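Tertiary structure, described
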Amino acid sequence: MADDVEHCRAALERCPPGHPDRPCSLHHLAVSLRDRSKQRGVLSDLDESIELNRAALLLRPLGHPDRSLSLNNLAVGLRERFFTQRRVPSDMDESIELNRAALLLRPVGHPDRPFSLHHLAVSLRDRSKQRGVLSDLDESIELNRAALLLLPSGHPLRPQSLNNLAVNLGERFTQSGVPSDLDESIELHQVALLLYPLGHPDRPFSLTSLADSLRDRFKHRGVPSDLDESIELNRAALLLRPLGHSDRSQSLNSLAISVRERFAQRGIPSDLDESIELFRAALLLLPPGHFLRWSSFNNLAVSLHYRFTLHGVPSDLDECIELNRTALLLSPPGHSDRPLSLSNLAFSLGQRFTQRGVPSDLDECIELNRAALFLFPSGHPDRSQSLDNLAVSLRDRFMQRGILSDLDESIELHRAALLLSPPGHSNRSLSLINLALSLQDRFTERGIPSDLDESIELHRAALLLSPPGNFNRSTCLNNLAASLQDRFTDRGIPSDLDECIELHRVALLLSPPGHSNRSTCLNNLAVSLQDRFTERGTPSDLDECIELHRAALLLSPPGHSNRSLSLGNLALTLRDRFTERSVPSDLDEAFSLFLQLPHTSHAVSRSDLAVAKSWVTIAEETNHDSALVAYQTALKFLDQHVTLLSSSSRHFDVVRMASASLAVDAFSCSIRHGALTTAVELVEQGRAVFLTQLARLSSPFDELSLLGDTGAALVEDFKQLSFRLRSAFDQSTKDQSPQIRQLTMQWNDVLSRIRMLPNLSWFLLPPLFSDLQKAAEEGPVIIVNASQYSCDALIVLCDQNPVHIPIDITRAEVTELSSDFQSIAEQFGSSDRQNKLVGILRKLWLDIVDPVVQALNKSNVHPGSRIWWCPTAEFTLLPLHAAGPYERERDNLSQIYVSSYTPTLATLVRARQRVSQYASTQCFVAIGQGNPDRGKELRCVAPELAAVAQRLAPIVSSFTPLEDSDATVQGVLDALNHNQWLHLACHGMPNRQRPFESSFAMRDGLLMIKDIIRSNWENPEFAFLSACHTTVGDEKSPDESIHLAAAMQFSGFRSVIGSMWSVDDEVARQVVSAFYDRLVDDSGRLDCTRAAVALHKAVKKLRGKNIPLEQQIVFVHMGV
């Protein structure tokens, strides 16, 4: 080949420009270079060939007898370059236009017209494959038919023409699914093969083409003889392409694909092993740079994935992923194979996530599937599969993290995919299954009966498309059974449960030992038998269930992502048998299984957390010694689970449901076990979970400042990522959410690396009691806890062990008391309400606060001291600071101690540690909005701000008033970038259903909590929120403390004053005037640590006036 090229070069040198034979010499050298490129895969040879053909075309202008030949040669070179290297669309388009021009120069009757028809047909077929344009393929077929008519029997080119038409009809079948196209394709291939006798150089190609078509028909109709014949034809073709043959790698690939297909249908492991060896042999024959190397990487990866599915060897899956990554590198943006490369890598990462539970694998899988879908526009034949792929990965993430928007999007994508897979389409069965599974999940989540009924019908339709012998039949049986089980659970129809069990038994028979689905099948049958035992009490059902769960557990060794679920399933069924038969060994074994949960090594999912909660429940029910360890494990899992969620209020419901009552029950359990310091640690770990995670994004880095260069670089990365995540809070549109998830992955990665540095394994982990005790440095913190198991108070002191005070009230009574108080608070004003309010404040005193005060006295906390309340559950909604006997000659709490609140101890510790860098300068902004975008006019705002200005303007470094038209949302945010002290007088607007949309009403709209969280203010000190309801949060999750005052605290304000209900304008003005008089210290400067005492004294001043009690106690202090 090299000699041929050099010979042609020498000939060209003998034909300088102007020589009559130069066009011919250019043509010969171009052809030899193109042949060498095909032989060796050297791309530069093909580029040179194309340029030589261009030069030859210029020397053959319109009218030249050989112009059509030059047009054709250049078109062929461009088409080959499109496929072998850059996949530049313009190469394909230019090739087609050149072929059209050549065809015009070869009218009917021209001897070379069949060649031109053939070349144009091939280029149109290729463009159709790349872009999914069916009209290109239809035109290609008509051109093939026209060419065949010009080549009568006996013509040497007739076999090739038959093959070309057959290939195009096969391609149209793949895109449109018309069976007659495939049958005609096979018949044409068979006729062509008869015209290629033994010894003909094109016989191997004809054998391979017929083999591929028979394999396609087998995939469509499932006739075993088609696949067997395909394999034999491929073996015959391979024998005709011995070592050294240029097309041997293609024969190896084609045979490997057919053998792998037979494995998929019949499950013979030797077929799969042979497939892998054939693919490896094909890859060895393709040197780096060869245009077929991409497909070889891809084919080998698919077979390795099959083998991983069969045997579960991790190295097969890892190699599969690496091969897919290499294939993606060979498909850069713009490459026609890039969508498939993206999809393949996404699929293998999704499988690894299923096995090992690494969240980054799943997030990358989703982003790759999104990128692939973008490259499959409407009308593309692969769009249906791409929609399904993305939908499946989103459903997986829903299962991992519980984000409902992922599930809803998954269902819509699956519906779109099913519409593109009508009856007869090869993907219809898979689309039916996928949509059914997602609807089933949504039923489980929301309980809509129509979702479940539709799911069952879809599963039945999919099962009909998977007859006995079909590879997917076991999966279809399992899926239908699971949906019938859900319907039984929902509606109690016995026949649904019986059918479910029979389907699971058949599925298990189709998944023998060694099958990748065996563990799932064992688990599914066990769960349905347990349901039947619960329904009918047949002991053998429960015994069989336990043995099945044991077998499933053996298939989920330590490190497997399903390990926790298998442990939990077996433990729960053993508990059920203990309940039934009272055999102590069953309960002992159940708890021994649960005690393996703390050693979980895979990334934690929602199901892991659910299993840990089950352990908690059973330990409490049986009063087992492991209860405290169960709570610690569940809260550890909760923290790990929340860390995986990106910063969006859309995830708040996930957190709320995951953390419900866990912390308060853990506190109660710790108290009952005498572990008082553990009680403090656990209640901190499980409350205000969402805001605590957000607070990690603005953590102080002082303790990291002494690290070396590596540590310093990590800290800088961590700061930048934290800032970007906080700035992006709740702004994640569909377009932005991939970037938010990517930032979250990077943040978690850097956090892990910081924790690997010396002495930093604790960094941003839940704090220990020794850290939390610092909250009590300026006065005791009283945790008041309401749990279903007990109600307790715990006094945290700075220099001694916590003090426990049992509270003689139940959680149900606290809930009722809170509900009564909320009803009264909505109608404050009448004397009847005053009497009821006093009644509630007396009950709070008698049952809760007075026992605490007595304990404080015993602990030498002197009257007049400051104390901090840290209430949990419904206690957060009650005015503990205002409790008292409300009798003459007896003091109320406010006459004994100065009360403040804190949502968590860690919040108070952070506020104490955050000392302003601007101590020498005090910049104050007073913001008032009496005429907001929504809400009634507030007439006292202007006088209130005037009083603030009169008192503070002369003593602070700068005083900025912001009123009316200047008090806009952006105006407030800008002002807080330059001021550390804030007074805000406006309407407060709580949103109990969507707490992150609780807001302050400004002139142009609402300043919401999510806007506050996104802000990055420098060293804020103090905020007086002179607005209504600023401490009112989410009614369903009071322990999450999502309200306006808490948002200001978590955003950095060390000291905040807010209100528990509606504030009277005039009262607010009087409190504000008296408050600021007392906030100034002896040196004439503002001191935020005086805020609680200043408020205490300002309110005391109101008592002699004729002001309703509820207005005297409406304001509360939070922070230092």
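Preceding this paragraph is the structure being described.
To start, this report covers the structure provided alongside it. Keep in mind that what you see is a predicted model, and the values were worked out from it rather than measured.

Here the focus is the overall build of the protein chain. Within the protein chain, the secondary structure is distributed over 46 helices and 14 strands. Relative to its 1120 residues, the protein chain shows a buried fraction of 57%. At a minimum sequence separation of 6, the contacts of the protein chain that also span at least 24 residues come to 68%. Of the roughly 45500 Å² of accessible surface on the protein chain, a fraction of 53% belongs to carbon and sulfur atoms.

The next point concerns helix α17 (residues 359-374). The terminal C-alpha atoms of α17 lie 23 Å apart, and with 16 residues this matches the ideal 22 Å at 1.5 Å per residue to within 8%. Every buried residue of α17 is accounted for by Pro-359, Asp-361, Leu-362, Asp-363, Cys-365, Ile-366, Leu-368, Asn-369, Ala-372 and Leu-373.

This part is about the packing of helix α44 (residues 1065-1079) against helix α45 (residues 1091-1102). Across the interface, α44 lies against α45 with an axial gap of 8 Å and an inter-helix angle of 130°. In terms of axis orientation, α44 runs oblique to α45. The hand of the α44/α45 crossing is right-handed. Where α44 approaches α45, its residues Val-1067, Gln-1070, Val-1071, Ala-1074, Phe-1075, Arg-1078 and Leu-1079 are matched on the opposing element by Ala-1091, Ala-1094, Leu-1095, Lys-1097, Ala-1098, Lys-1101 and Leu-1102. Class assignment for the residues of the contact of α44 with α45 results in 10 nonpolar, one polar and three charged.

The next point concerns the nonpolar core. Counting 141 residues, the largest nonpolar core has Trp-869, Phe-924, Phe-1000, Phe-1022, Phe-1075 and Tyr-1076 as its most contacted members. In terms of residues, this core owes the most to one element, helix α38 (residues 831-858), which gives 12 residues.

In this section: the pattern of salt bridges. For the coordinates displayed, the defined rule picks out 59 salt bridges. Glu-319 is the salt-bridge partner of Arg-280, the closest N and O atoms lying 2.9 Å from each other. With Arg-280 in helix α13 (residues 269-284) and Glu-319 in helix α15 (residues 314-329), this residue pair connects regions lying 39 residues apart in the sequence. Among the ionic pairs, Arg-487 bridges to Asp-496, the shortest N-O distance being 2.8 Å. In this structure, a network of salt bridges that share partners links the residues Asp-453, Arg-487, Asp-490, Arg-491 and Asp-496.

A word on the sheet that holds strand β10 (residues 999-1002). Taken together, the three strands give an open sheet; going across it, the order is β9-β10-β11, and neighbouring strands pair in antiparallel fashion. Either end of the sheet is taken by a strand with one partner, and the two such strands are β9 (988-989) and β11 (1005-1008). The pairing of β9 with β10 spans two bridges and is antiparallel. Opposite Met-989, over in β10, you have Ser-999 as the bridge partner. On top of the sheet, helix α41 (residues 969-976) reaches β10 and β11; it is set at about 35° to β11, its chief contact.

Bringing unusual backbone geometry into the picture now. For Asp-964, which is not glycine, the phi torsion reads 50° and is therefore positive. Considering the arrangement of structural elements, one finds Asp-964 in the loop between β7 (958-963) and α41. For His-1029, which is not a glycine, the phi torsion comes out positive at approximately 60°. Along the polypeptide, His-1029 turns up in the loop between β12 (1022-1026) and α43 (1044-1050).

What follows is about helix α18 (residues 383-401). Between its terminal C-alpha atoms α18 stretches 27 Å, which fits the 27 Å expected from 19 residues at 1.5 Å a residue. Burial analysis of α18 places 16 of its 19 residues in the buried class, the great majority of the element.

Relative to the assigned elements, Phe-308 resides in helix α14 (residues 293-311). Owing to a relative accessible area of 6%, Phe-308 belongs among the buried residues under this scheme. Sequence-distant contacts of Phe-308, defined by excluding residues within four places in its chain, comprise Val-313, Pro-314, Asp-316, Leu-317 and Gln-355.

Moving on: a negative patch on the surface. A cluster of acidic residues, Asp-808, Glu-813, Glu-816 and Asp-820, forms a negative patch on the protein surface. Assignment of secondary structure puts Asp-820 in helix α37 (residues 811-825). Take Asp-820: its relative accessible area is 38%, and that puts it in the partly exposed class.

At a minimum axis distance of 9 Å, the contact between helix α11 (residues 224-239) and helix α12 (residues 248-266) shows a crossing angle of 155°. If you check the angle between α11 and α12, you find them roughly antiparallel. At the point where α11 passes α12, the crossing takes the left-handed sense. Along its contact with α11, which presents Pro-224, Leu-227, Asp-228, Ser-230, Ile-231, Asn-234, Arg-235, Ala-237 and Leu-238, the element α12 presents Arg-248, Ser-251, Leu-252, Ser-254, Leu-255, Ser-258, Val-259, Glu-261, Arg-262 and Arg-266.

The next subject is the pairing of β11. As defined by bridge partners, β10 adjoins β11 across four bridges and the pair is classed as antiparallel. Bridge pairing links Ser-999 to Met-1008 in β11. Connecting β10 to the antiparallel partner β11 that follows it, the hairpin turn spans two residues.

What counts, and at which threshold
Residues numbered from 1 in each chain as written. Predicted model: local features only at pLDDT ≥ 70, side-chain atom pairs only at ≥ 80, totals over all residues. Heavy atoms only, no water. Helix = DSSP H or I, 4+ residues; strand = E, 2+ residues; numbered from the N terminus. Buried < 20%, exposed > 50% of the residue type's maximum accessible area, 1.4 Å probe, protein only. Contact = heavy atoms within 4.5 Å. Areas by Shrake-Rupley, 256 points an atom, 1.4 Å probe, with all protein chains shown as cover. Expected span 1.5 Å × (residues − 1). Axes fitted to C-alpha atoms, helices over the stretch in contact; angles between N-to-C directions. Parallel < 35°, antiparallel > 145°, perpendicular 65-115°, else oblique. Left-handed = near helix turned anticlockwise from the far one by under 90°. Nonpolar A, V, L, I, M, F, W, Y, C, P; charged D, E, K, R; others polar. Core = buried A, V, L, I, M, F, W, Y, C linked by side-chain atoms within 4.5 Å. Salt bridge = Lys/Arg side-chain N within 4 Å of Asp/Glu carboxyl O. Pairing = 2+ DSSP bridges. Patch = residues over 30% accessible without salt bridge, like charges linked within 9 Å, V, L, I, M, F, W, Y side chains within 5 Å. Lys, Arg positive; Asp, Glu negative; His and termini not counted. Charge placed at Lys NZ, Arg CZ, Asp CG, Glu CD.

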